[in-house]
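Chains, contacts and geometry: an overview
Chain by chain, the residues:
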Amino acid sequence: YRDGSIHPFGAAPAAGITLAPGMGWQKLHETGPGAGYAVSTWGITSNWGGVSPYWTGYTDNGSADIIRDIALLGIDNPSPQAQPVSPVAAAIRAAVANAHGGASLDGFGGIHRLTGITIDTSGAPYWPGWDIARGLALREDGSGGWTLDAFGGIHAWGAALPIQTPGYWPGWDIARSMALTSRDGDGVSDGAQGYLLEGLGGLHPGGGAPDIGAPPLSGGFDIYRGLAIHETSGTPDGGWALDEWGRTYAFGAAQALGPVTRDPARPVFHNFHSSAFGWYALGRAGVVTSPLPGFAAPYWAGWTDFAGWDILRDAVFLNPVNPDATPQPQSDGTRAAHAAGIYGRYIVPTPMYRQRHPLDCEAASLQMALGARGIAVSQDWELAQWGADLRKSVRDGAGNVVRWGDPYQTFVGNVNASIWNATGYGIYYPPIVNLVQKLGHAVIGKEGWAIDELFAYVAAGYPAAVEISYDMGGATPRTWTTWDGRVVRYIFNDHVVTLVGVDYAAQTVIINDPYTGTVKTFSWAAFSRAFGYLNNMATVVG
């Protein structure tokens, strides 16, 4: 049987050998009375009764458990050889023989154990009704572990020793993931050294852990969610960070992994880990995915997914190399909740303001975006901060503007005039960025936004002031030259709106239009076309 038990039938005698259970035994061969060999996962054999194969030329398939049988034609080698086994196959095979299982962590601190190893959770912190737990680390023997809270506190429980957190921000929900890297004499995590990742991308080593680099900082946006460490010969030398959209960022000596999802970026991921056998990410409603094919499977017995309630914040799997791999058990509620995250409708709660002047759509759109972040400013105050170049435009005989001010520096023209006769125009993203920074908020303003990236920020709760054509209508981009020589691209029906929502199932966007003071919905195709006229220009407020 696959569990290693051998059952004679007919006139066959007992095999005379006991095979270790849990190895995924695949084939049994008798080579003579009281002699034979059995083949387990990864092609590793057990021999008895004087069987001594010739192993010259044999190779396994490394981490791929694909060998199903081995036929040994010569078993009388007078110079006994050990079967050559690659290090990765040996490590995985050993893991199969060791304790397995793991646990998940809910936002209140509850630890939910999988079947396979007993985990001592005595003294584990619990915050009923308060979604404050963010990360989990386990001792590999199940004797205890550590819980990370959102402020950076690390709480030991079971037999785990208390450790000093490398970063603490009381009252600020910004700590996201931890990775503990040091081990005691038994090879079990002791928590003495490790790393803490905060949502902005800062990586904080603790306990004398070496500097291994860090992911790129997010510019003040809380997007990072998970951390995994790369080691060489047991020494940390790099790692990977995961953002909430499923993108991984390699740093130090770690190789690039790519995204953990095939879907365009959605803000549905909560944490990320590596084991000796693969990487895995925890997503919305407890769905676990991996960035690479060949992810070694966890043992799922005892898994709880809360039927679609998105409350799990982390999951740690011990020896996730189940030879009888099964899909993750998912309730109907979980499947629906995860699908809603991937294909759902995201709206940023944003106040509506109409523009107070014929051409201050930029000020009104920014006023709405700032209002969504809890900042109240007036349009006239914004205009005063930007200033205005009131010099008249120079036009050719066809009415095209050939010389004018620089919207990358200040407001161009009269805010109470008209674009169509080139007496007033507007402003582009750099002065908007400067004003948001002056107010103390994170901001990303640029041209060349990828549509998926812009949508991802909005879906994550960050509104954006975007340059489009009015009502997504057609436009003809033209250029003028500023007084100091910059070439500026413009359209006569230029307009700025606040992008407040995206619907992935319907493939629509939702905008607050400051000209009409109404919410409008447009298709992705219409938005993409209108957004492209001024080179995909937008400012996201964090």
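As shown above, the structure is provided for reference.
Residues numbered from 1 in each chain as written. Predicted model: local features only at pLDDT ≥ 70, side-chain atom pairs only at ≥ 80, totals over all residues. Heavy atoms only, no water.

Points about the overall build of the protein chain
- The secondary structure content of the protein chain amounts to seven helices and 31 strands.
- Rg of the C-alpha trace for the protein chain: 30 Å, well past the compact-globule value of 24 Å for 542 residues, more than 25% over.
- If one aligns the C-alpha atoms of the protein chain with their principal axes, the spans along those axes are about 105 × 50 × 45 Å.
- Each of the 542 residues in the protein chain was classed as buried or not, and the buried ones make up 54%.
- Considering only contacts in the protein chain between residues 6 or more positions apart, those separated by 24 or more positions represent 55%.
- With the model as given, the accessible surface of the protein chain reaches about 22400 Å², and the carbon-plus-sulfur share is 54%.
- Charged side chains in the protein chain number 31 positive and 45 negative. The centres of these two groups are separated by 10 Å. (Helix = DSSP H or I, 4+ residues; strand = E, 2+ residues; numbered from the N terminus. Rg over C-alpha atoms; globule rule 2.2 N^0.38 Å. Buried < 20%, exposed > 50% of the residue type's maximum accessible area, 1.4 Å probe, protein only. Contact = heavy atoms within 4.5 Å. Areas by Shrake-Rupley, 256 points an atom, 1.4 Å probe, with all protein chains shown as cover. Lys, Arg positive; Asp, Glu negative; His and termini not counted. Charge placed at Lys NZ, Arg CZ, Asp CG, Glu CD.)

Looking at the sheet that holds strand E5 (residues 111–113)
- Strand order in the open sheet formed by three strands is E5-E4-E18, with antiparallel pairing between adjacent strands. Both outer strands of the open sheet, E5 and strand E18 (312–318), are each paired with one neighbouring strand and no more. Along the sheet, successive strands turn relative to each other by an average axial angle of 20°, direction set aside.
- Across three bridges, the pairing between strand E4 (residues 101–106) and E5 is antiparallel. Bridging across to E5, Leu105 finds its partner in Ile111. (Pairing = 2+ DSSP bridges. Axes fitted to C-alpha atoms, helices over the stretch in contact; angles between N-to-C directions.)

Concerning the sheet that holds strand E9 (residues 175–180)
- Judged by pairing direction, the sheet is antiparallel, and its three strands sit side by side in the order E9-E10-E11 without closing on themselves. Whereas interior strands pair on both sides, the edge strands pair on one side only; in this sheet they are E9 and strand E11 (203–206). The average angle at which neighbouring strand axes cross in this sheet is 20°, direction not considered.
- Inspection of the sheet shows strand E10 (residues 194–198) paired to E11 by four bridges, in the antiparallel sense. Bridge pairing links Leu197 to Leu203 in E11.

Comments concerning helix H1 (residues 87–97)
- Among the residues making up H1, those that are buried are Ala89, Ile92, Arg93, Ala95 and Val96. Taken end-on, H1 shows its buried residues confined to a sector of 155°, consistent with a single buried face. (Arc of directions from axis to C-beta.)

Topic: the environment of Asp141
- Within the fold, Asp141 resides in the loop between strand E6 (133–138) and strand E7 (144–149).
- Look at Asp141 and you get partly exposed, because its relative accessible area is 39%.
- Separated by 253 residues in sequence, Asp141 and Val394 place their C-alpha atoms 77 Å apart.
- Apart from residues lying up to four places away in sequence, Asp141 is in contact with Ile117, Thr118 and Val188.

Overview of the packing of helix H3 (residues 361–372) against helix H5 (residues 429–438)
- In contact at an axis separation of 12 Å, H3 and H5 are set at 35° when each is read in the N-to-C sense. For H3 against H5, the interelement crossing comes out right-handed. Between H3 and H5, the residues in contact are Glu362, Leu366 and Leu370 and Ile432, Leu435 and Val436, respectively.
- Among the residues forming the contact of H3 with H5, the class breakdown is five nonpolar, no polar and one charged. (Left-handed = near helix turned anticlockwise from the far one by under 90°. Nonpolar A, V, L, I, M, F, W, Y, C, P; charged D, E, K, R; others polar.)

Topic: the side chain of Thr334
- Inspection of the secondary structure assignment puts Thr334 in helix H2 (residues 332–343).
- A distance of 3.2 Å separates a polar side-chain atom of Thr334 from the backbone nitrogen of Gly308.
- Excluding residues that lie within four positions of it along the chain, Thr334 makes contacts with Ala285, Val287, Asp305, Ala307 and Gly308. (Polar contact = N/O pair within 3.5 Å; in protein donor to acceptor, adjacent residues only side chain to side chain.)

Regarding helix H6 (residues 451–459)
- Among the residues of H6, those classed as buried are Leu454, Phe455, Ala456, Tyr457, Val458 and Ala459.
- Directly after H6, the chain includes Gly461, whose backbone phi takes a positive value near 105°.

A few points about the nonpolar core
- Formed by 57 residues in total, the largest nonpolar core has its most connected members in Phe272, Leu454, Val466, Leu499 and Phe527.
- Ala363, Leu366, Ala369 and Val377 belong to the second largest nonpolar core, which has 34 residues in total. (Core = buried A, V, L, I, M, F, W, Y, C linked by side-chain atoms within 4.5 Å.)

Points about the pairing of strand E28 (residues 494–503)
- When you tally the buried positions in E28, you get 10 out of 10 residues, the bulk of the element.
- Taken together, the three bridges between strand E19 (residues 345–347) and E28 define a ladder with antiparallel strand orientation. Looking at the pairing, Arg345 lines up with Asp503 of E28.
- Pairing analysis gives six bridges linking strand E25 (residues 464–469) to E28, with the strands arranged antiparallel. Note on E28: the bridge partner recorded for Val466 is Val497.
- Pairing of E28 with strand E29 (residues 508–513), which is carried by five bridges, proceeds in the antiparallel orientation. Counted as the bridge partner of Asp503 is Thr508 from E29.

Overview of the side chain of Asp406
- Mapping Asp406 onto the fold places it in the loop between strand E22 (401–404) and strand E23 (411–412).
- Look at Asp406 and you get buried, because its relative accessible area is 8%.
- There is a polar contact of 2.8 Å between the side chain of Asp406 and the side chain of Arg486.
- Dropping the residues within four chain positions of it, Asp406 is found in contact with Val412, Thr482, Asp484, Arg486 and Val488.

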